[in-house]
Structure formats: C-alpha cells, structure tokens
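Spelled out, the chains give:
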Amino acid sequence: MSIHDRYRLSVVINARGTYTPLGVSRSSDAVAAAVAEALPEFFVLDELRDRASEAIAQITGAQAGAVVHCTAAGITLAVAATMTGGDPRRTAALPDTTDMHNRVVLPACHVVDYGHSNLQGIRLAGAQVDLAGDEDACTLADLEAELDGPDVACLMLVSSRLTRGEPIDLAAAIKAAHRRGVPAIIDGAAQFPQIADLLATGADLVLVSGQKYLGSPTAGLVAGSWPLVQAVRAQDKGIGRVMKPTKEAIIGVLAALEEWQAIDRVKWQADERAKVDAFVAAVSRIPGIVVTAVPDPTGLQVSRVLLKVDDAKRIATELEAGSPPIYVMTDRVDDDELMLELVPLNAEEIAAVLARLWAVLT
Ligand SMILES: *Cc1c(COP(=O)(O)O)cnc(C)c1O
C-alpha cells in the first residue's frame, strides 16, 4: 500500500516548481536512505553541525556554514546574528533589542511572499524594517540614504524570481553597506546551484533552501563569514530553539551535498533542457495554444514551459480539479499565461500532463 493510500492523501502531479504547500521537491533514494539511517541513532549534535559547516564551506568556498530549520528561519536567525553578534546576553534577550542596532534595510522591490512575507521573517527577530526605494526600483542612492540612518544592523537582499521592479546590482549594494561597516545578507532560497555566485557578490551571509533544488529534507543552509555563521549558531540558545534543524535533516543535507558533488551537472542540464524541448514540441501540436521554453530570470540553469492560452484561470482550475490533480504556476493567469516546471516530473507524469492539456484545451 502506498503512503498516499495508507493515510488517505491525494497523489498530485507537481508542475508548480519548488512549492512548499505541495512538498517542495523529491529527495533521491540515497538521501532518503541516509535520513532513515539517522533516525534511530544518537549523535553529538554539535559534532554533526561542525561536519555540516565543513561540507558547506567546502562546496561553496565560504568560511563556514550552518544548517537551520528552513530558509525562512535562516532569515530570522541571520538578522539575529547581526544584531547580537552571538553575545549570550543579547541572544537571550531577543526579540527585545534594547541597546542593539536593530534596523534592517531592505529594498522595497525585495519584499517577497513565499507563504508569508519576508518582512515578518525579519521582524520575528525583533528587528524593524526600513524599506529603500519603491516597488518599481531601488537605486543605489535610495539604499545609501537608508544605510546612512542610525542603528542599522544589516542590509537584506533577495535573489529570486519573486522580486519586482528593476534588478538591483547586488555587489554594488553590498559595497555600499560595507563602506558603512554594515553586513549584508542575501536570501537566495531557490538558488542553491548558484550559491557560489551569490557569495561572490561579497555578501556576509547567503541563505539557501536545502529542500528546493538540493533535494534534502526541509532545511535552510547558511553560508558565509566565520564570525557571523557562529553568531547564527549561537541563536540555538535563544530564538533559534524554535527553528532548530533535526538530526535527520542535517544528515540529509550532508548526503544531498555529497550527491550534488558527484553528479555530472552538464549532463543534468542537457537532460532537463531536452525534457523541456520535447514537451514544448508536443504541446505545440495542441490547437489554440502558444508554447515556449523560458529561461529562469535569475540565471538558474532551469528552463520552464510558458503556455499562452485563452482563459488561463479556467484551465488551471480544471487541471487542479482532475485526477490526479495537476498543479502549474499561476502567478500570471491574469495575463492568460501558465508556467510549468518539469524538473521533478518523470516520463509518466509528463505524459499525463500532456494528455490532460489535450483534454482540457480541445
Ligand atoms: C522559498 C523561499 C523562502 C522560504 O524558504 P523555506 O526554506 O521554505 O523556508 C524564502 N525566500 C525566498 C525568496 C523563497 O523563494
């Protein structure tokens, strides 16, 4: 009996990408086996976390790394690290930030919602957010004006397809912060494959998700400078207690990192590209549909399938209402566009998506 049958759960086809309400990603057999092996065992957690730090540092080139519960937790704990510096008294005091620098500068176009707003993720540490610029653009001058204010704890930037407005030159923004002695954090949750590039911007801490493109159990990876990563870990004895990584998650991250290093990325990218091209060719035979492959806007080596259809909202609703339900990206339905991500889908699921598109559209 499958796990879905056993607990009376819907089997779904997830073409929506690394989406939390659908379970984000599929872990490999090797990662699942490592997690299963970890569950019945005891460990010295500090040792496990040291091994994770070494592995993250080795694969990213950062000085140190930490595993936290998830990227959202990473946002809160990275901010806490910049406010407390890991000092035990301050760590115990949060979210009371009396006598700490507690202002976080964030470009207004980097306010994103991944289930909740990152503004809340920042405020959860006790910090206040000062937005720079507006939803359409944040210039360097806008950022400098906020960074020049009093009590700035850090600059927070987001690298994601969810940001709006004109792209921001991350390296230049970070330089502006560093000129004022202010550390910078980048939330690049869905960009594990680009973590080295994000660190190369000069960011002091980079946050990525373990469960998105790395395929680990739910976990956030923090990579960056030695002192700030230690300050993130120090939050375990403070607000980090409610966001702790589990032993099985840390082991899962270690196994996923090992697998990531062993895999032939060039071949992986070529295979994914071929999958998208074949799907686009097949969909283009359906009358009344315009289909193209679109690259990820943030430079991730993942293409998605863009469908232009009449009444995209109805199509998405019908796909979700079928059996099994098919979930696609619907953030652009108002422009009659649907987007599909094929990365986790197998040949059988892709065939099922094609058959349903034919049925719904003709
Ligand atoms: C998904 C996402 C998050 C949250 O990641 P979790 O690991 O699920 O907490 C944070 N920021 C951005 C930009 C995201 O895309």
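Fair warning: this is a prediction, and the values are worked out from it, not measured in the lab. (Residues numbered from 1 in each chain as written. Predicted model: local features only at pLDDT ≥ 70, side-chain atom pairs only at ≥ 80, totals over all residues. Heavy atoms only, no water.)

Peer 1: An account of the site of the ligand is needed here, citing residue identities and associated values.
Peer 2: Contacts to the ligand come from Thr20, Cys70, Thr71, Ala72, Tyr114, Val158, Ser160, Asp187, Ala189, Ser209, Gln211 and Lys212. A distance of 2.7 Å is found between an oxygen atom of the ligand and a side-chain nitrogen or oxygen belonging to Thr71. Asp187 places a side-chain nitrogen or oxygen 2.6 Å from a nitrogen atom of the ligand. Burial of the ligand by the surrounding chains reaches 92%, relative to a free accessible area of 380 Å². When the residues that make up the shell around the ligand are grouped by side-chain class, the tally is five nonpolar, five polar and two charged. (Near = heavy atom within 4 Å. Polar contact = N/O pair within 3.5 Å; in protein donor to acceptor, adjacent residues only side chain to side chain. Areas by Shrake-Rupley, 256 points an atom, 1.4 Å probe, with all protein chains shown as cover. Nonpolar A, V, L, I, M, F, W, Y, C, P; charged D, E, K, R; others polar.)

Peer 1: Which residues make up the domain arrangement of the protein, and what values go with them?
Peer 2: Partitioning the protein into domains gives domain 1 (3-23 + 264-361) and domain 2 (42-262). Taken together, the contacts link 13 residues of domain 1 with 10 residues of domain 2. Three residues, Thr18, Thr298 and Leu300, lead the burial of domain 1 against domain 2; their summed loss comes to 47% of the area buried on that side. Taken together, the links from domain 1 to domain 2 amount to one salt bridge. (Domains from an automatic or database assignment. Contact = heavy atoms within 4.5 Å. Buried area = accessible area lost by both parts, 1.4 Å probe. Salt bridge = Lys/Arg side-chain N within 4 Å of Asp/Glu carboxyl O.)

Peer 1: Would you mind going over the sheet that holds strand β9 (residues 290-295) in detail, with residue names and values included?
Peer 2: On the basis of which strands lie adjacent, the open sheet formed by three strands has the order β9-β10-β12 and antiparallel pairing. Edge positions in the sheet fall to β9 and β12 (337-340), since each has one partner strand and no second. Looking at each pair of strands side by side, their axes are set apart by 25° on average, direction ignored. Here β9 pairs with strand β10 (residues 303-308) via six bridges, running antiparallel. Pairing of Pro295 across the sheet is with Ser303, part of β10. (Pairing = 2+ DSSP bridges. Helix = DSSP H or I, 4+ residues; strand = E, 2+ residues; numbered from the N terminus. Axes fitted to C-alpha atoms, helices over the stretch in contact; angles between N-to-C directions.)

Peer 1: So what's going on with the packing of aromatic side chains? Which residues, and what values?
Peer 2: Applying the stated rule across the entire model yields one aromatic pair. Plain terms: the ring middles of Phe192 and Trp260 are 4.9 Å apart, the flat faces sit at 85° to each other, and that makes the pair edge-to-face. Pair noted here: Phe192 is in the loop between β6 (184-187) and α9 (195-200) and Trp260 is in helix α11 (residues 247-262), with a separation of 68 residues, a long-range link. The pair formed by Phe192 and Trp260 is uniform in burial state, with each residue classed as buried. (Phe/Tyr/Trp six-rings, centres within 6.5 Å; stacked < 30°, edge-to-face > 60°. Buried < 20%, exposed > 50% of the residue type's maximum accessible area, 1.4 Å probe, protein only.)

Peer 1: Mind laying out the environment of Leu162, listing which residues take part and the relevant values?
Peer 2: Mapped onto the elements of the fold, Leu162 is located in the loop between β5 (152-158) and α8 (170-179). It is 28 Å that separates the C-alpha atoms of Leu162 and Gly322, two residues lying 160 residues apart in sequence. Setting aside residues up to four positions removed in sequence, Leu162 forms contacts with Val112, Asp113 and Tyr114.

Peer 1: Talk me through unusual backbone geometry; I want residue IDs and the actual numbers.
Peer 2: Cis rather than trans, the peptide bond between Leu94 and Pro95 has omega equal to 10°. Locating Pro95 in the fold gives a position in the loop between α5 (88-93) and β3 (103-107). In this structure, Arg8 is a non-glycine residue whose phi angle is positive, near 55°.

Peer 1: Lay out the packing of helix α3 (residues 45-60) against α11 with the relevant residues and their values.
Peer 2: Close contact between α3 and α11 brings their axes to 10 Å; oriented N to C, the two are set at 25°. Classed by the angle they form, the pair α3 and α11 counts as roughly parallel. Between α3 and α11 lies a crossing of left-handed hand. In contact with Leu45, Leu48, Arg49, Arg51, Ala52, Ala55, Ile56, Gln58 and Ile59 of α3, α11 contributes Lys247, Ile250, Ile251, Leu254, Leu257, Trp260 and Gln261. Among the residues forming the contact of α3 with α11, the class breakdown is 11 nonpolar, two polar and three charged. (Parallel < 35°, antiparallel > 145°, perpendicular 65-115°, else oblique. Left-handed = near helix turned anticlockwise from the far one by under 90°.)

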